[in-house]
Amino acid sequence: VKLELQGACSSCSASSVTLKMGIEKTLQERFPDISEVIAISPDEEALTEFAIEEVLNGIRPFLSVSNGTIELTELVAEDPSPRVVLSMKGPPLKSMAVKVEITNRIKRRFPSLLNIEIVAGQDINELPMSA
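Residues numbered from 1 in each chain as written. Predicted model: local features only at pLDDT ≥ 70, side-chain atom pairs only at ≥ 80, totals over all residues. Heavy atoms only, no water.

Would you mind showing me how to read the environment of Ala120 here?
With respect to the element layout, Ala120 can be found in strand β5 (residues 115–120). In this structure Ala120 comes out as exposed when scored by relative accessible area, which is 55%. Each C-alpha atom, one on Ala120 and one on Ile70, is 9.4 Å from the other, the two residues being 50 residues apart in sequence. Beyond its immediate stretch of four places on either side in the chain, Ala120 contacts Ser87, Met88 and Leu93. (Helix = DSSP H or I, 4+ residues; strand = E, 2+ residues; numbered from the N terminus. Buried < 20%, exposed > 50% of the residue type's maximum accessible area, 1.4 Å probe, protein only. Contact = heavy atoms within 4.5 Å.)

I'm lost on the pattern of salt bridges in this one. Help?
Working definition: two side chains of opposite charge can pair if their charged atoms are close together. For the coordinates displayed, the defined rule picks out seven salt bridges. Glu54 is the salt-bridge partner of Arg109, the closest N and O atoms lying 2.4 Å from each other. Here Glu54 lies in helix α2 (residues 49–65) and Arg109 lies in helix α3 (residues 96–109), a separation of 55 residues in the sequence. Assessed through its relative accessible area of 26%, Arg109 is described here as partly exposed. Glu101 serves as the salt-bridge partner of Arg108, at 3.8 Å between the closest nitrogen and oxygen. (Salt bridge = Lys/Arg side-chain N within 4 Å of Asp/Glu carboxyl O.)

Hey, could you run me through unusual backbone geometry in this one?
It is generally the case that most residues other than glycine have a negative phi and that most peptide bonds are trans. Backbone geometry places Asn67, a non-glycine residue, at a positive phi of 60°. One can find Asn67 in the loop between α2 and β3 (69–76). Given the relative accessible area of 65%, Asn67 is considered exposed.

What's the story with the pairing of β5 in this structure? I'm lost.
On any regular strand, side chains alternate: one points to one face of the sheet, the next to the other face. Here strand β4 (residues 83–89) pairs with β5 via six bridges, running parallel. Its bridge partner being in β5, Arg83 is matched across the sheet by Asn115. At this point the chain moves from β4, through α3, to the parallel β5, and the crossover so formed is right-handed. (Pairing = 2+ DSSP bridges. Right-handed = clockwise from strand over helix to strand, strands pointing away.)

Sorry if this is basic, but what is going on with the sheet that holds β5 here?
Strand-to-strand pairing in sheets goes through backbone hydrogen bonds, with the strands running parallel or antiparallel. With mixed pairing, the three strands of this open sheet are ordered in space as β3-β4-β5. Every other strand in the sheet has two partners, leaving β3 and β5 as the edge strands with one partner each. Sheet twist, expressed as the average angle between the axes of neighbouring strands with direction ignored, equals 20°. Of the strands in this sheet, β3 and β4 touch α2, which is tilted by about 160° from β3. Each of β3, β4 and β5 touches α3; the most contacted strand, β5, lies at about 145° to it. (Axes fitted to C-alpha atoms, helices over the stretch in contact; angles between N-to-C directions.)

These results come straight from atomic positions and should not be treated as a statement about function.
Pasting the structure below:
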């Protein structure tokens, strides 16, 4: 279920808690088929490869300082569950704080995007040799 929060709720910092712990819980109790309730914004930007790359371009300089890279591996922009898979290489991959920051930056731009996955990328030297 997608909800558009209006008025003061749309900009309230506690709206995500209200949505999950209040609205979602109540709806799921009454309608067991509902798996999730997410907030949508009518002004939200379309999820595109270009837009994700813009976010990643803001992150790449920080990753490169510690020999890290990040690439968009997969983008599924269709409803009902949009998905982004990112491939990251280098020492930053081991840092949960880095992963959280990347996820937060993407979610700030695309609040309804709930499925963001960061996987380990393979270097050309690490690829298996074919027989």
